Amino acid sequence: MRLLFITLFSVLAISASLAQERIRNIRMRVVDSSQLEIRYDLITARPGDSVYFDIRSRLRGTLHILPQFVRGDIGMRITAGTDRRIVWNALANGYSLNEEIQAIIRVKTGIIPDASQLATNPASMTPKPEVIPEKPARTNPVVTADPPRAERPTSTPEPQSTAKPSGMLNEPISQPDTARFRKERYAGPAWALLSAVAPGIGNIFVQWPKPKIGLRPLLTIGCYGLVAYGILEREKSMDDFAIYEQQKNTAAAEPYYATANDHHHRYFLATRGALVVAAADVVLTFLKGLRNNQLNKEARRIQSFTVYPGLQAGQPTAVVRYSF
């Protein structure tokens, strides 16, 4: 009897786990060193379901994905099948594919009422969230080979969708001019001039996609604090040296000379330390600004001419986009 109970319990547990699995075989690869292609198998699809995805970086956490840079089998009305495809233009979104990331495909289920229920209860159109975490695929996107699947994540996924729903299979989401998008805010090397005056402040504005303050104002306070401390120590050193010169014998003058020498040493360390920190901040800000300009030019070159397939009104189409 105990053996029969254990067998039935195991069968029910396995059936429940299989019933919840909606997505499997997730894999990623890099296309043209700027776009990330994600493929997955959708086991079952129900009316009202929507598919979206998250990208998590090992260093920066969850990345902010803008929907205008995503196209493919994402959103609502995605039919079940194998080898579904999502393409994310990471470079145009402001991320360079040079770190270890993880892709997570999510399914948000909803119930679509019939016409009679819609007439009597319009509130039933609100979808019931039922988010099912799927097995993520870990990879270093610099390598173009398909990586193996990783274990199921233990964290509970958020029910909100971060991708813009698409109503057609393989329907390309319209993308704005990337060059214009990146020029909305200047993040070039000229901010190094501000860092030369206020160390740490110029580095705030070269962060992308938006400025990041963090602890950088403390760098400004620290540099100016070291300079002020050095000036005070220099004045003390000059005062003690003046007293040293007024002494009549060497024994009485020696303590004043040692004290003046200590104050001068602290003045030297404080002012040179502030100079080194400020110079390092100016160099780092300048290099970061140059990197932003390079990404801007690369995104403009990639987005100037784009061709990708689509499906509209049941007919296969080829979308050609050119900007200048």
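Quick notes on the rules
- Residues numbered from 1 in each chain as written.
- Predicted model: local features only at pLDDT ≥ 70, side-chain atom pairs only at ≥ 80, totals over all residues.
- Heavy atoms only, no water.
- UniProt positions renumbered as here; feature names shortened; annotations may be inferred.
- Helix = DSSP H or I, 4+ residues; strand = E, 2+ residues; numbered from the N terminus.
- Patch = residues over 30% accessible without salt bridge, like charges linked within 9 Å, V, L, I, M, F, W, Y side chains within 5 Å.
- Areas by Shrake-Rupley, 256 points an atom, 1.4 Å probe, with all protein chains shown as cover.
- Salt bridge = Lys/Arg side-chain N within 4 Å of Asp/Glu carboxyl O.
- Buried < 20%, exposed > 50% of the residue type's maximum accessible area, 1.4 Å probe, protein only.
- Phe/Tyr/Trp six-rings, centres within 6.5 Å; stacked < 30°, edge-to-face > 60°.
- Polar contact = N/O pair within 3.5 Å; in protein donor to acceptor, adjacent residues only side chain to side chain.
- Contact = heavy atoms within 4.5 Å.

## A look at the UniProt feature "transmembrane region" (unreviewed entry) in the chain
Then step 1. The sites that UniProt annotates as "transmembrane region" (unreviewed entry) are residues 186–206, 213–232 and 267–287.
Then step 2. Secondary structure content for residues 213–232 is 85% helix and 0% strand, while the C-alpha to C-alpha distance between its ends is 30 Å.

## Digging into a nonpolar patch on the surface
Then step 1. Nonpolar side chains collect at one region of the surface, where Val283, Phe286, Leu287 and Leu290 lie side by side and expose about 340 Å² of accessible area between them.
Then step 2. Tracing the backbone through its elements, the reader meets Leu290 in helix H6 (residues 250–303).
Then step 3. Residue Leu290 is classed as partly exposed on the basis of its relative accessible area, which comes to 33%.

## As for the packing of aromatic side chains
Then step 1. By the definition in use, this model includes four aromatic pairs.
Then step 2. A ring pair is formed by Trp191 and Phe205, whose centres lie 4.4 Å apart and whose planes are at 15 degrees; its orientation type is stacked. Taken as a pair, Trp191 in helix H4 (residues 191–197) and Phe205 in the loop between H4 and helix H5 (216–246) lie far apart in primary sequence, 14 residues in all.
Then step 3. Accessibility expressed as a relative area gives 24% for Trp191, which makes it partly exposed.
Then step 4. Its relative accessible area of 28% is what places Phe205 among the partly exposed residues.
Then step 5. Between Phe241 and Tyr244, the ring centres sit 5.5 Å apart and the planes meet at 40 degrees, which makes this aromatic pair tilted. Highlighted residues: Phe241 and Tyr244, both in helix H5, separated by three residues, approximately one helical turn.
Then step 6. Taken together, Phe241, Tyr244 and Tyr257 form an aromatic cluster joined through their ring pairs.

## Details of the side chain of Glu37
Then step 1. Along the chain, Glu37 falls in strand S2 (residues 35–42).
Then step 2. Since its relative accessible area comes to 3%, Glu37 is described here as buried.
Then step 3. Of the polar contacts made by the side chain of Glu37, one reaches the side chain of Arg39; its length is 3.3 Å.
Then step 4. A polar contact of 2.5 Å, which involves the side chain of Glu37, links it to the side chain of Arg85.
Then step 5. Sequence-distant contacts of Glu37, that is, excluding residues within four places in its chain, are made with Arg27, Met28, Arg29, Val31, Arg85, Ile86 and Val87.

## What about the environment of Cys223?
Then step 1. Locating Cys223 in the fold gives a position in helix H5.
Then step 2. For Cys223, a relative accessible area of 5% gives the class buried.
Then step 3. C-alpha of Cys223 to C-alpha of Thr271: the two residues are 48 residues apart in sequence and 8.6 Å apart in space.
Then step 4. Setting aside residues no more than four positions away along its own chain, Cys223 makes contact with Pro199, Ala274, Val277 and Ala278.

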